[in-house]
2 protein chains.
Amino acid sequence: MSKKSKSALSEQEGVSSSEITNPNAVKSIKSKRKLSLDTNALTSAILKGDITALSRAITLIESKNLKHLAQANDIITACLPHANKSVRIGITGVPGVGKSTFIEAFGAYLTEHGKRVAVLAIDPSSSVTKGSILGDKTRMERLVKNENAFIRPSASGESLGGVARKTRETITLCEAAGFDVILIETVGVGQSETTVHSMVDFFLLLKLAGAGDELQGIKRGIIEMADAIAINKAEEDNLKQAKLARDEFKRALHLYPEKASQWQPRVTLCSALEETGIDTIWNLIQEYLEKTKANKYFDKKRQEQNKFWLLQTIEDQLKASFFNRPEIKKALKTQLELIEANKTTPFAAADLLLGLGKATD
Amino acid sequence: MSKKSKSALSEQEGVSSSEITNPNAVKSIKSKRKLSLDTNALTSAILKGDITALSRAITLIESKNLKHLAQANDIITACLPHANKSVRIGITGVPGVGKSTFIEAFGAYLTEHGKRVAVLAIDPSSSVTKGSILGDKTRMERLVKNENAFIRPSASGESLGGVARKTRETITLCEAAGFDVILIETVGVGQSETTVHSMVDFFLLLKLAGAGDELQGIKRGIIEMADAIAINKAEEDNLKQAKLARDEFKRALHLYPEKASQWQPRVTLCSALEETGIDTIWNLIQEYLEKTKANKYFDKKRQEQNKFWLLQTIEDQLKASFFNRPEIKKALKTQLELIEANKTTPFAAADLLLGLGKATD
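Conventions we followed
- Residues numbered from 1 in each chain as written.
- Chains lettered and ligands numbered in written order.
- Predicted model: local features only at pLDDT ≥ 70, side-chain atom pairs only at ≥ 80, totals over all residues.
- Heavy atoms only, no water.
- Least-squares fit on C-alpha atoms with pLDDT ≥ 70 in both.
- Contact = heavy atoms within 4.5 Å.
- Helix = DSSP H or I, 4+ residues; strand = E, 2+ residues; numbered from the N terminus.
- Buried < 20%, exposed > 50% of the residue type's maximum accessible area, 1.4 Å probe, protein only.
- Buried area = accessible area lost by both parts, 1.4 Å probe.
- Salt bridge = Lys/Arg side-chain N within 4 Å of Asp/Glu carboxyl O.
- Polar contact = N/O pair within 3.5 Å; in protein donor to acceptor, adjacent residues only side chain to side chain.
- Pairing = 2+ DSSP bridges.
- Axes fitted to C-alpha atoms, helices over the stretch in contact; angles between N-to-C directions.
- Parallel < 35°, antiparallel > 145°, perpendicular 65-115°, else oblique.
- Left-handed = near helix turned anticlockwise from the far one by under 90°.
- Nonpolar A, V, L, I, M, F, W, Y, C, P; charged D, E, K, R; others polar.
- Phe/Tyr/Trp six-rings, centres within 6.5 Å; stacked < 30°, edge-to-face > 60°.
- Lys NZ or Arg CZ within 6 Å of the ring centre and 35° of its normal.
- Right-handed = clockwise from strand over helix to strand, strands pointing away.

- Chain A appears in an unreviewed UniProt entry as Methylmalonyl Co-A mutase-associated GTPase MeaB from Gaetbulibacter aestuarii.

### A few points about the relation of the copies chain A and chain B
And then number 1: Note on the copies: chain A fits chain B at an RMSD of 0.1 Å, the axial shift is 0.0 Å, and the rotation between them is 179°. Such values leave the two copies arranged in the relation of a two-fold axis.
And then number 2: Both copies present the same face, since 100% of the interface residues in chain A are matched by interface residues at the equivalent positions in chain B.

### A word on the side chain of S261(A)
And then number 1: Mapping S261(A) onto the fold places it in the loop between α12 (239-254) and β7 (266-269).
And then number 2: Residue class for S261(A) comes out buried when judged on its relative accessible area of 2%.

### Here's the deal with the interface of chain A and chain B
And then number 1: Contacts between the two partners involve 47 residues from chain A, matched on the other side by 47 residues from chain B.
And then number 2: For the chain A and chain B pair, buried surface summed over both sides reaches about 4,400 Å², with 73% attributable to carbon and sulfur atoms.
And then number 3: Our enumeration of links across chain A and chain B arrives at 4 salt bridges.
And then number 4: For the interface between chain A and chain B, the tally reads 4 residue pairs in polar contact (both at pLDDT 80 or more).
And then number 5: Secondary structure elements with two or more residues in the side of chain A that touches chain B: α4 (66-79), α8 (160-176), α10 (214-219), α14 (297-323), α15 (326-340) and α16 (346-359) of chain A.
And then number 6: The dominant element in the side of chain A that touches chain B, judged by the number of residues it contributes, is α14(A), at 14 residues.

### Re the sheet that holds β7(A)
All names here are of chain A.
And then number 1: One open sheet accounts for 7 strands, arranged β3-β2-β4-β1-β5-β6-β7; its pairing is parallel. Each end of this open sheet is capped by a strand with a single partner; those strands are β3 (149-151) and β7. Pairs of neighbouring strands in the sheet enclose a mean axial angle of 25°, with direction left out of account.
And then number 2: The pairing of strand β5 (residues 202-208) with strand β6 (residues 228-232) spans 5 bridges and is parallel. What sits directly across from L206, in β6, is A230.
And then number 3: Contacting β1 (87-92), β2 (117-122), β4 (181-186) and β5, helix α5 (residues 99-112) runs over the sheet at an angle of about 180° to β4.

### Here's the deal with the pairing of strand β5 (residues 202-208) of chain B
Residues and elements named next belong to chain B.
And then number 1: Counting buried positions along β5 gives 6 out of 7 residues, so the element sits mostly inside the fold.
And then number 2: Direction of pairing for strand β1 (residues 87-93) relative to β5: parallel, over a ladder of 4 bridges. Bridging from a neighbouring strand, T92 pairs with L205 of β5.

### Quick notes on the sheet that holds strand β6 (residues 228-232) of chain B
Residue and element names in this part refer to chain B.
And then number 1: Strand order in the open sheet formed by 7 strands is β3-β2-β4-β1-β5-β6-β7, with parallel pairing between adjacent strands. Each edge of the open sheet carries a strand with a single partner, namely β3 (149-151) and β7 (266-269). Geometrically, the sheet is characterised by an average inter-axis angle of 25° between neighbouring strands, direction not taken into account.
And then number 2: Sheet strands touched by helix α5 (residues 99-112): β1, β2 (117-122), β4 (181-187) and β5. Its angle to β4, the strand with the most contacts, is close to 175°.
And then number 3: The sheet strands contacting helix α8 (residues 160-176) are β1, β2, β3 and β4, and the helix crosses β2 at an angle near 175°.

### Here's the deal with unusual backbone geometry
In most cases, non-glycine residues show a negative phi, while peptide bonds are predominantly trans.
And then number 1: The phi dihedral of Q262(A) is positive, around 65°, even though this residue is not glycine.
And then number 2: Owing to a relative accessible area of 43%, Q262(A) belongs among the partly exposed residues under this scheme.
And then number 3: Of note in this structure, E275(B) is not a glycine but carries a positive phi near 55°.
And then number 4: Here E275(B) falls in the partly exposed class, since its relative accessible area comes to 40%.

### Examining the packing of α16(A) against helix α14 (residues 297-323) of chain B
And then number 1: It is the contact of α16(A) with α14(B), at a shortest axis distance of 8 Å, that shows an interaxial angle of 40°. It follows that α16(A) is oblique to α14(B) by the angle criterion. The crossing of α16(A) and α14(B) is right-handed. Contacts between α16(A) and α14(B) pair P346(A), F347(A), A349(A), A350(A), L353(A) and L354(A) from the former with N306(B), W309(B), L310(B), T313(B), I314(B), Q317(B) and L318(B) from the latter.
And then number 2: Residues of the contact of α16(A) with α14(B), tallied by class, amount to 10 nonpolar, 3 polar and no charged.

### Overview of the packing of α5(A) against helix α13 (residues 278-294) of chain A
Residues and elements named next belong to chain A.
And then number 1: The interhelical angle for the contact between α5 and α13, taken along N-to-C directions, is 70°, at an axis separation of 10 Å. Taken together, α5 and α13 sit at an angle that is classed as roughly perpendicular. Crossing geometry of α5 relative to α13 is assigned as right-handed. Where α5 abuts α13, its residues F102, A105, F106, Y109 and L110 lie against I278, D279, I281, W282 and I285.
And then number 2: When grouped by side-chain class, the residues that make up the contact of α5 with α13 number 9 nonpolar, no polar and 1 charged.

### Looking at the packing of aromatic side chains
And then number 1: Counted under the stated rule, the structure contains 16 aromatic pairs over all chains.
And then number 2: Considering the side-chain rings of F106(A) and W282(A), the 6.2 Å spacing of their centres and the 65° angle between planes classify their relative orientation as edge-to-face. A residue pair is termed long-range when its members are at least 10 positions apart, and F106(A) in helix α5 and W282(A) in helix α13 qualify at 176 residues.
And then number 3: For F106(A), a relative accessible area of 0% translates into the label buried.
And then number 4: Its relative accessible area of 7% is what places W282(A) among the buried residues.
And then number 5: Here F150(B) and F179(B) contribute two aromatic rings whose centre-to-centre distance is 5.9 Å and whose plane-to-plane angle is 35°, an arrangement assigned as tilted. Pair noted here: F150(B) is in strand β3 and F179(B) is in the loop between α8 and β4, with a separation of 29 residues, a long-range link. Neither residue differs from the other here; F150(B) and F179(B) are each classed as buried.
And then number 6: Ring pairs connect the aromatic residues F102(A), F106(A) and W282(A), which therefore count as one cluster.
And then number 7: Above the face of the F179(A) ring, R116(A) is positioned so that its terminal group lies 4.2 Å from the ring centre.

### Quick look at the side chain of D201(B)
All names here are of chain B.
And then number 1: Structurally, the position occupied by D201 is in the loop between α9 (192-197) and β5.
And then number 2: According to the relative accessible area criterion, D201 is buried, its value standing at 2%.
And then number 3: If we ignore the near neighbours within four places in the chain, the residues touching D201 are S86, V87, R88, D227, Y288, F298, K301 and R302.

### Some details on the environment of I223(A)
And then number 1: Looking at the secondary structure, you find I223(A) in helix α11 (residues 222-225).
And then number 2: On the basis of relative accessible area, I223(A) is assigned to the buried category, the value being 2%.

### Here we look at the pairing of β7(B)
All names here are of chain B.
And then number 1: Bridge count between β6 and β7: 4 bridges; the pairing is parallel. Residue A230 lies in a different strand from β7, and its bridge partner there is T268.
And then number 2: Between the parallel pair β6 and β7, the chain is carried across by helix α12 (residues 239-254), and the sense of this crossover is right-handed.

### Notes on the pattern of salt bridges
And then number 1: Inspection of the entire model under this criterion finds 27 salt bridges over all chains.
And then number 2: The salt bridge involving R88(A) is made with E175(A); its shortest N-O contact spans 2.7 Å. Within this pair, whereas R88(A) is found in strand β1, its partner E175(A) is found in helix α8, the two being separated by 87 residues in sequence.
And then number 3: Note on R88(A): relative accessible area 7%, which makes it buried.
And then number 4: Exposure remark for E175(A): the relative accessible area of 5% places this residue in the buried category.
And then number 5: Across the salt bridge formed by R246(B) and D247(B), the nearest N and O atoms sit 3.5 Å from each other.
And then number 6: Overlapping salt bridges bring together R165(A), E169(A) and D351(B) as one network.

Dropping the structure here:
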């Protein structure tokens, strides 16, 4: 216990004499009491906005220890009624577009305007590169020192699904801790953008003028997901090009059908370095929030995201628990060989494996 | 039994006196013998290229009757060593592009060049529209009368997954029956193109000049899947526009990275109506086959497709058998309500449902 409660209702750390006959029982009861008190203590500290408590709870979320995970779940459940009040903003863009500089400038702007800002990341590559984004906090020097900002790199050593779950849970804790803007950064690699899109209210795409990757963005469906595109590095010597790029993206966006949000995505210019255009971006996000809260899309989207994560988690688990069984692994190998030898079809093989799964349940 | 075997090894339809004491046993044994003989008879007729037998076997594949499905599986397994020798070509394009006319012309060309052609379809919408493609065989009048062509519409009343499985199994039977070119038509709707792409060797996209749906094709990933794009209706009065469209698509294709097949997709002109450009398309498919058989991509792709279908079938079944349980349906509803009321997270809810699934296994 970190500190004694001053309430008259406080419990003494003691066990009854009947229980004391078994030393293991004492240990177990003590550890349970400790955990339970820690959980309450952590939760109330988080609700008071205590950054240290928040960090500790996130560490529990990221732990491999089942006891820690159980405690994390208790804290999350206790935090839930106090969560959900923030705006969650996804920020993406190719390496070199200036994401870190942008988040520094955007975060500073927001805290100057009375907001508390949490910066998280989805970076499944971090398990290999040990955190290529946010890992190096020195790139966000000002924000790190800002007491109204909280920066947490992506959980490492996890699959995208694992990182996603931990980040979603971290959002809940940050919201309960009173952070009213959650920025979630991602790199434009693989499925990570789609994952971030499925957990944010607003999706901001950072672009450079003349990068020539428009087709890439269209192909990968990123343009389609964007609620706003900000052409970064729109500084004096680059302004003409930036404006051309803005007009091109505006034209491209008009080719898409209207979004379910009824929001027409915007294209805007900014310079994260010179901190220009940042206010325009925040204003258009405010406009988006007003519109989508009025037409009920905001809540509907969050509900749909919840449903998506529920189903996705179940599907991932069903697959994992089937394919990880030793007898299935062995049979799968055999069936694949039979398919290759043209002795069975994928469907007959699937039926056989599913039957084996049932028989050994 | 359709015909008596003339072999001295032929079995008499009779049962021993001990078995005859139970009339149900007689019935069961007789029906099993009949089925087994029918299976053999059907299989050997299919291997001789008998269209009636082929049609009957496909009807078994499409049946809802479990006995029929078991018999279908036996026939498919028996046919497997004789299958796999065809070239499978997927053909897609928006409604109005002239798919039926193209398949008429292409099919006629192929049979004139000594090929036997089977035309199948993936059309999950057919359950609603009662077969919008291939259903109306009058649109392929010549091919229907052609004894070297076999046309079979999409199985109806099925999910895309169901149609896909039945079509894949039908391909095996058609190949065993000696059809050396399998054309699989699909409409450009939803996921059906991706499904067809996952079961063919070569994917042909039909386009019209000036249709203005290039972006749509890029967005939906169709352009990326195409091994060739044929601009149809390239008739005299439309030739200039068709050539412009061809050049545009050529430019667009060059923006994509090299395919795993090392094949550079082609763009070509044709008129299904005037039967021009059909030979060019067949020649380039031949060129594709030569290249991908030489670099081993052809076999590798078929193996990967088999693996994909094996895993896909298992995943679909795992999900279906989990979510269709009455107790899971009920609990899922409750959990979704709790999520909406902010009383649990999608992840905690998923854990609870998975636990319930295990407890009631």
